[in-house]
Amino acid sequence: ASLIWNVLGDQRDVNDIPVRYDDTELWRIHNISDALLRTVPVAEIMEQKFGANIWKENPDYLDLSITKAQANAARSFLNAHRMDTEVLARNVQDLIDEEQLEGIRATQSKLGRRTRKALNSGSEMNWNDYQSLETIYNYMREIRAKYPNICRLYTIGYTYGRRELKVLRISENPRDNKKIWIDGGIHAREWISPATVTFILSKLMQDWEHQPRYIRERTWYIMPVMNPDGYEYSRTVNRLWRKNRSPSVRANCFGVDLNRNFDIGWTSPGSSKDPCSDIYRGSAPNSELETKAVAEFLSKRKYNLEAYLTYHSYGQLIVYPWAFKAVKVKDSNVLQRVANTAAERIIQKTGTPYKAAVTHEVLGVAGGGSDDWSRAVLGVKYVYTVELRDRGQNGFVLPPKYIKDTAVEGWTVAETVAQAIG
Ligand code: ARG
Ligand code: ZN
């Protein structure tokens, strides 16, 4: 990949040829913890020796995609260490193609019926498909224009690729209200996350006047896409890209995992100092423009900041600190109870099971996360990372037909937390 500057002084990746995943399978590797106990770093070996792309790692299993060419060698290695593999999908490119086709079809069929309405409202935003950064940012601008008295739109910084970092504040009383921060899109390929956060925004604004007090008497900070460069890159070049797109000075690799770059337990396990790793923590805490912008913005607004919600995928989990060490926060019983309530409400609404738990137990120890940072450094009480759908059937490539129900699940967590704040 190389960079050029276009006439607008806009720095973009242009030489990247779209990456395809034909002949690539999606695997789930079971009973990895025995191997880990014998200090066999399975994920690292699969990544470095067999060119696998890690999708999800936790104490129970490891999901990854791997080319058919590497499959036999990888399987004998795994068998030798007594691990079994389950094939979740035979062809990852098919998943990606189906996701795209379904989105196009859904948009077209809805357009037929809705052309007049769409023209009237002027908005391209919808939840039949995943949307571009531009559509998402336009949607934020439309909301601001429609509710100028309670909205404020911030550009809190710029990315390496010179894209804006945008946050929308909704508040009737910024001075006194308790504050809730919501972000999405820290990880590029987790497309359901920006879709869910924009949906939360739409739920807040639809009929704002008639919202219950625990919604209306809050200050909401909404950042649907914390990693715009990565998001656009995942839409145009590599569907499975996770990190941002800043180049490393040490290696010919791009990107830092923004959720390993925050200034908390930065050198803890669960991140990598290798710039080519998908969980590269960066050259220093806050080395990345995105991390720095969010950290500076929130540090100035920590007064009354009661909740920090960050949306990821996948796994159907609602988790709370800590992640950087295998310890629970002191009031973990409160956080567990509120998460349980959210999970129960989700089951009632959509029938989807979510598990509520402390992060390190279900996802393993990892430092540098935004969730831990908001708790440890800002002192936020209600800190949750929500891992949206699914549980590995499609992983990051969640078919667009599931967007709306999944977004309802994300909204349910936000509502429940807003109420819990009291
Ligand atoms: N899948 C998310 C990640 O790997 C989970 C975040 C949980 N929190 C954390 N600080 N690791 O970033
Ligand atoms: Zn994530």
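Parameters and conventions
Within any chain, residue numbers begin from 1 and follow the written order of that chain's sequence. For naming, the first written chain is A and the first written ligand is 1, with later ones following in the order written. The model is predicted, so local features are restricted to residues of pLDDT at least 70 and side-chain atom pairs to those at 80 or more, both for listing and for counting; the totals for chains, interfaces and linings are taken over all residues. Strands are treated as partners if at least two bridges between them are detected by DSSP. Counting from the N terminus, the helices are the DSSP runs of H or I reaching at least four residues and the strands are the DSSP runs of E reaching at least two. An axis is simply a line fitted to the C-alpha atoms; with a helix, the fit covers only the stretch in contact. Between two such axes, the angle follows the N-to-C directions and lies from 0 to 180 degrees. Distance between backbone-placed C-beta atoms decides contact: two residues are in contact if it is within 7 Å. Nearness between a residue and a molecule or strand is assessed with a C-beta atom placed from the backbone; a distance within 6 Å qualifies. Each residue is assigned to one class: nonpolar for Ala, Val, Leu, Ile, Met, Phe, Trp, Tyr, Cys and Pro, charged for Asp, Glu, Lys and Arg, and polar for all the others, Gly among them. A helix is expected to span 1.5 Å multiplied by its residue count minus one. Every C-beta atom is placed from the backbone, and the number of other C-beta atoms within 10 Å of a residue's own sets its class: buried at 20 or more, exposed at 12 or fewer, partly exposed in between.

### Side note on the sheet that holds strand S5 (residues 61–67)
Strand pairing in a sheet is mediated by backbone hydrogen bonds. Such pairs are either parallel or antiparallel. In spatial order, the strands read S4-S5-S3-S6; together these four strands make up an open sheet with antiparallel pairing. Here the strands that pair on one side only, and so sit at the sheet edges, are strand S4 (53–57) and strand S6 (85–89). Neighbouring strand axes in the sheet, compared pairwise and without regard to direction, differ in orientation by 25° on average. Bridging between S4 and S5 involves four bridges; their strand directions are antiparallel. From the neighbouring strand, Glu-57 faces S5, where its bridge partner is Leu-62. Across the face of the sheet, helix H2 (residues 42–50) comes into contact with strand S3 (24–30), S4 and S5 while running at roughly 5° to S5. Helix H3 (residues 68–80) contacts S3, S5 and S6 of the sheet and is inclined by roughly 145° relative to S5.

### Considering the site of ligand 1
Surrounding ligand 1, one finds Asn-259, His-312, Ala-323, Thr-359, Leu-363, Ala-366, Gly-369, Asp-371, Asp-372 and Thr-385. Mapped by element, the contributors of at least two residues to the shell around ligand 1 are helix H11 (359–363) and helix H12 (370–376). Counted by class, the shell around ligand 1 contains three nonpolar, five polar and two charged residues.

### Digging into the environment of Ala-52
As for its position among the elements, Ala-52 is in the loop between H2 and S4. In this structure, Ala-52 is in contact with Met-46, Glu-47, Leu-64, Ser-65 and Ile-66, ignoring residues within four places of it in sequence.

### So, helix H6 (residues 192–205)
Here H6 spans 20 Å end to end across 14 residues, near enough to the 20 Å set by a 1.5 Å rise per residue. Extensive coverage of H6 is indicated by the burial of 11 of its 14 residues. When H6 is considered as a whole, its buried residues turn out to be Ile-192, Ser-193, Pro-194, Ala-195, Thr-196, Val-197, Thr-198, Phe-199, Ile-200, Leu-201 and Leu-204. Positive phi shows up at Asp-207, right after H6, with a value of about 60°.

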